[in-house]
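The primary structure of each chain is shown beneath.
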Amino acid sequence: MARTLLCEPVVLFRREDGGAVALEDRCCHRALPLSMGKVIGDRLQCGYHGLEFNPAGECVKIPGQDMIPPDAKVKSYPLVERWKWLWIWMGDPALADDRLIPNWWWFDHPEWELVKGKYLKLGCNYQLITDNLLDLSHLAYVHLNTLGTTDISEFPIKTDREKDMVRMTRWIIDRPAPPMFQTLGNFEGTVDRWQIVETFSPCLTQIRAGACDAGSCNPDLGEPGEGMHIRSLNAPTPETETSTYYFFGHARDFAMGNKEVSDDLFRMVSQTFDEDVVILEAQQKMLTDWPENGLIDINLDAPGIAVRRMLARDIEAEQV
Amino acid sequence: MARTLLCEPVVLFRREDGGAVALEDRCCHRALPLSMGKVIGDRLQCGYHGLEFNPAGECVKIPGQDMIPPDAKVKSYPLVERWKWLWIWMGDPALADDRLIPNWWWFDHPEWELVKGKYLKLGCNYQLITDNLLDLSHLAYVHLNTLGTTDISEFPIKTDREKDMVRMTRWIIDRPAPPMFQTLGNFEGTVDRWQIVETFSPCLTQIRAGACDAGSCNPDLGEPGEGMHIRSLNAPTPETETSTYYFFGHARDFAMGNKEVSDDLFRMVSQTFDEDVVILEAQQKMLTDWPENGLIDINLDAPGIAVRRMLARDIEAEQV
Amino acid sequence: MARTLLCEPVVLFRREDGGAVALEDRCCHRALPLSMGKVIGDRLQCGYHGLEFNPAGECVKIPGQDMIPPDAKVKSYPLVERWKWLWIWMGDPALADDRLIPNWWWFDHPEWELVKGKYLKLGCNYQLITDNLLDLSHLAYVHLNTLGTTDISEFPIKTDREKDMVRMTRWIIDRPAPPMFQTLGNFEGTVDRWQIVETFSPCLTQIRAGACDAGSCNPDLGEPGEGMHIRSLNAPTPETETSTYYFFGHARDFAMGNKEVSDDLFRMVSQTFDEDVVILEAQQKMLTDWPENGLIDINLDAPGIAVRRMLARDIEAEQV
């Protein structure tokens, strides 16, 4: 499988033992994408002249000659498969550290039901997606027909800045449950709802949302164990400066095994994200034609601005 | 309605009183085109976060906060509606002067019948359209199947240069009337015909054409009151350096109220302009790939060259 | 007929006597492609204002004026029709020398049967096509489904470098004939086969291939007169740096007049080249995005490298 990531061509394949491998998708001989070749055991064979590469990216066979020159190799990227996602490290392999992978255990745990995920290919910079996820005030305008019927802007947001994470929290106290929650939760009265959106540097965003009987939990203590819980995990992965693969998925701890609920949730999320795509691509086009001069910030941008500061700090640290 | 004019994104909408408004089509917050939002009374609401702008381009509402920062505004363009056209001023608003709008009163007068107009989007610089309108010698080659059956090149053209206008005049004396004129004019003998093409800086071209009984008027006195008259009004409006919206329309003072004549005229004009589009876009493509070096002028280019000089003078004056 | 060659717009037409003419495809007046005009006798008339050009590229008529300015002309390219191909000289006309045209007499000789040719438009630099033709080791990977079933890499190649030509020779000794040769040649036992690929500077490649009874000829003496012979003549013609018209054709001295064999051969060659197109365009895309740094050569590249050296020498000589 071929994919351009951070402007580099990457080919992904699986070894005979099932382990995933990521190599530079460009033969070191005549530059053909290796993704046009075929997997032979643990090796990838170039589709032009038959050179073969092992998972370390080393050329181990050249038709017509015995000697393999030492520079006959392609880049191999550290790759870890965890929580049903593949995590690739595009930087210096020596600095790869799998402790940087977020703990998205909900996607691989029997007490959580995984909603089918998918990915979108968006014509925008990845940061615009993070901005979008951290700013739920756009629901009332962009998602009027899907999510945004309730005006939630009367409930204030709180922004927490940690070293490598920004958190946006909003509690909606003592209100009727939205339709889906009401149907599945059988609440007798009003509910307290929460949206806890956390972005980890550089651009991994987890949303914890849920609802419980009004008054049954203490917002000051964070997300409660009571009630219904949803996890939305989001991993925008840059293709180029202005295009991004947006991988996402959802997990929940209610209506376990109920395929209909899963399908409904998937359909709702897909429709919502399709609405965002239109906005984000139009925004990117305008930013490309007319760079940022003259733009202003508003109060609701606080979490997004905090993430951009965190990111700018991390990018600057990498330049040293 | 969104339109790019002179490389700037413009959004057009109407106030509750029907007046037309032109604003910068880019929200000052996160750059979404405002044309993706909606009109609420006299205001335009952004489709991403709900900011609202008045006809002056000032942001008058930001959801989630009371204070509006003073730089929360977008550009507002002076706009006048006259002769059934919208006239926008893209330069310094302080210099907008509606006396520069040509007097195209024929489009809004009971004694003139307006032929349905339309616009074409052409992949060429606006000056190529002016060249084309001022040079009717191409009829014999480009419009062989529509207008160009008669060879009119035996009749000389006259070029007049005024301060902000160039005029090309051709009289075709004592010849049979072309079919349409003959049918509608019931001429008993030959006719005298005229083509008076006037381009006002920067690129507004009006064509006065018509026919009268041969010998019944004096060409030296300009267009006569006798006979049949047509007005062709042309306003190429640059989108970018190499693309142009070409707005045009026609009025006449004969066959008043005759819809069939209007439809015929519209169809003929549309076919003719479609033939020009092919030429102008091929010409632009070649000029883009191979800039002007090596090109020569011929005698018939005199009016077009005069317009380019007028335009160059005006552009230079603007740079000061 | 319009064609861009070496980044220049060229128009081709035939005089009344059938002779082919190549002119610059851009009118010297207002830059319209002359290929949009029409041929009038031996002249090409521009489709915009009717200027007419003779085969020497001189403007010989300008509507509306008698005087033709001396710089009213377009470039005329030396053009020779030989061996059923048109040979154009894009450089200084004074240096055109038809002795540089290769002697591809097989295409115009009664003892050789010409297989219908065609051309492909490829999105790659012309040198990648030469590399491909000189390297038959890719048959086992790219043309597995058409030509490449036999592994011929066990037979070594020989590279000869002459002043303006590079030759790659491979003999496959004492093996069963491939299906087509067997069917048409009625060989009783094994055969000796040869592939003699010769590239003349800058990029003209002729392939002489054939088969004869094993042991009936002496490989040291070059291609034998015995047996069956095929000529594959290849003239990649650059459109731009990254696109090429690839003209090719085949001739043979067996199954004369047998249309079925011609059709089979044509179909086989077309399928094979279609497989190459996919490879070459993917290769070009990668080379455009990621220039050549880090690429290595292998033993089988020797002929291709020799051609590139010859070409670099000739290009350098032209710069002086």
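Residues numbered from 1 in each chain as written. Chains lettered and ligands numbered in written order. Predicted model: local features only at pLDDT ≥ 70, side-chain atom pairs only at ≥ 80, totals over all residues. Heavy atoms only, no water.

Each side of the interface is counted separately: chain A has 28 residues, and chain C has 27 residues. Approximately 2,200 Å² of surface area, both sides summed, lies buried where chain A meets chain C, with 61% of it carried by carbon and sulfur atoms. Scanning the region where chain A abuts chain C turns up 2 salt bridges. For the salt bridge of C:Asp297 with A:Arg30, the shortest nitrogen-to-oxygen distance reads 2.9 Å. Joining chain A to chain C, the criterion identifies 11 residue pairs in polar contact (both at pLDDT 80 or more). Looking at the side of chain A that touches chain C residue by residue, the classes come out as 15 nonpolar, 7 polar and 6 charged. (Contact = heavy atoms within 4.5 Å. Buried area = accessible area lost by both parts, 1.4 Å probe. Salt bridge = Lys/Arg side-chain N within 4 Å of Asp/Glu carboxyl O. Polar contact = N/O pair within 3.5 Å; in protein donor to acceptor, adjacent residues only side chain to side chain. Nonpolar A, V, L, I, M, F, W, Y, C, P; charged D, E, K, R; others polar.)

This part covers the sheet that holds strand E17 (residues 243-252) of chain A. All names here are of chain A. Spatially, E11-E17-E16-E15-E14-E13-E12 is the arrangement adopted by the 7 strands of the open sheet, whose pairing is antiparallel. Here the strands that pair on one side only, and so sit at the sheet edges, are strand E11 (113-122) and strand E12 (157-161). The mean inter-strand angle of the sheet, taken between neighbouring strand axes irrespective of direction, is 15 degrees. One ladder, built from 8 bridges, connects E11 with E17; its direction is antiparallel. (Pairing = 2+ DSSP bridges. Helix = DSSP H or I, 4+ residues; strand = E, 2+ residues; numbered from the N terminus. Axes fitted to C-alpha atoms, helices over the stretch in contact; angles between N-to-C directions.)

Taken as a whole, this structure holds 42 aromatic pairs over all chains when the rule is applied. Between A:Tyr246 and A:Phe248 the ring centres are 5.2 Å apart and the planes differ by 50 degrees, which places this aromatic pair in the tilted class. The exposure classification of A:Tyr246 matches that of A:Phe248, with both residues buried. Centre to centre, the rings of B:Phe248 and B:Phe273 are 4.5 Å apart; their planes meet at 90 degrees, and the pair counts as edge-to-face. In this pair, B:Phe248 is assigned in strand E17 (residues 243-252) and B:Phe273 in helix H4 (residues 259-289), connecting sequence segments 25 residues apart. Assessed through its relative accessible area of 10%, B:Phe273 is described here as buried. These aromatic residues form a ring-pair network of at least three members: A:Trp85, A:Trp87, A:Trp104 and A:Phe107. (Phe/Tyr/Trp six-rings, centres within 6.5 Å; stacked < 30°, edge-to-face > 60°. Buried < 20%, exposed > 50% of the residue type's maximum accessible area, 1.4 Å probe, protein only.)

Turning next to the relation of the copies chain A and chain C. Between the two copies, chain A and chain C, the superposition gives an RMSD of 0.0 Å; the rotation angle is 120 degrees and the shift along the axis is 0.0 Å. Such a turn and shift between the copies fits a three-fold axis. (Least-squares fit on C-alpha atoms with pLDDT ≥ 70 in both.)

Now for the pairing of strand E16 (residues 228-240) of chain B. Residues and elements named next belong to chain B. Burial runs high along E16: 11 of the 13 residues are buried. Here strand E15 (residues 204-213) pairs with E16 via 7 bridges, running antiparallel. The partner of glycine 210 across the bridge, within E16, is histidine 229. Note that E16 and E17 share 10 bridges and pair antiparallel.

Residue and element names in this part refer to chain B. Applying the stated criterion to the full structure yields 0 disulfides over all chains. Of the cysteine sulfurs around cysteine 217, a residue in no disulfide, the closest is that of cysteine 212, at 3.4 Å. Overall, cysteine 217 belongs to the buried group, its relative accessible area being 12%. (Disulfide = S-S within 2.5 Å.)

With that settled, consider unusual backbone geometry. Omega for the bond connecting B:Ser201 with B:Pro202 falls within 30 degrees of zero, at 0 degrees, which places this linkage in the cis form. With respect to the helices and strands, the residue B:Pro202 is situated in the loop between strand E14 (191-200) and E15. Phi at A:Trp83 is positive, roughly 55 degrees, even though this residue is not glycine. Its place among the elements puts A:Trp83 in the loop between strand E9 (79-82) and strand E10 (85-88). You will see that B:Asn186, though not glycine, has its phi angle at about 50 degrees, which is positive. Here B:Asn186 is to be found in the loop between helix H3 (179-185) and E14.

What follows deals with the interface of chain B and chain A. Contacts between chain B and chain A engage 28 residues on the former and 27 residues on the latter. If you sort the residues of chain B by the area they bury against chain A, B:Arg26, B:Arg30 and B:Tyr48 come out on top, with a joint share of 32%. Counting every contact that joins chain B to chain A gives 2 salt bridges. Among the salt bridges present, the one from B:Arg30 reaches A:Asp301, with a minimum N-O distance of 3.3 Å. Taken together, the links from chain B to chain A amount to 11 residue pairs in polar contact (both at pLDDT 80 or more). Class assignment of the residues belonging to the side of chain B that touches chain A gives a composition of 15 nonpolar, 7 polar and 6 charged.

Let us look at the pattern of salt bridges. Residue and element names in this part refer to chain B. One pass over the full model with this rule turns up 75 salt bridges over all chains. For the salt bridge of glutamate 81 with arginine 14, the shortest nitrogen-to-oxygen distance reads 3.0 Å. Here the residue glutamate 81 occupies a position in strand E9 (residues 79-82), and arginine 14 occupies one in strand E2 (residues 8-14), the gap between them amounting to 67 residues. The class of glutamate 81 is partly exposed, set by a relative accessible area of 45%. Exposure remark for arginine 14: the relative accessible area of 40% places this residue in the partly exposed category.

Turning next to the side chain of B:Arg30. Position of B:Arg30 among the secondary structure elements: in the loop between strand E3 (20-24) and strand E4 (38-40). We classify B:Arg30 as buried; its relative accessible area is 18%. A polar atom in the side chain of B:Arg30 sits 3.2 Å from the backbone oxygen of A:Ile296. Once you skip the residues sitting within four places of it in the chain, B:Arg30 turns out to touch A:Gln283, A:Ile296, A:Asp297, A:Asp301, A:Ile305 and B:His49.

When two helices pack together, their arrangement is given by the angle between the helix axes and by the axis-to-axis distance. Residues and elements named next belong to chain A. Across the interface, helix H1 (residues 126-134) lies against helix H5 (residues 302-319) with an axial gap of 8 Å and an inter-helix angle of 145 degrees. Here the hand of the crossing between H1 and H5 comes out right-handed. Counting all contacts with H1, which are made through Tyr126, Gln127, Leu128, Thr130, Asp131 and Leu134, the residues of H5 involved are Pro303, Gly304, Val307, Arg308 and Leu311. Of the residues assigned to the contact of H1 with H5, the class counts are 6 nonpolar, 3 polar and 2 charged. (Left-handed = near helix turned anticlockwise from the far one by under 90°.)

Moving on, we get to the sheet that holds strand E1 (residues 2-5) of chain C. Strand order in the open sheet made by the 4 strands is E1-E2-E3-E8 (chain C), with antiparallel pairing throughout. Two strands in the sheet have a free side with no partner beyond their single neighbour: E1 and strand E8 (76-77) of chain C.

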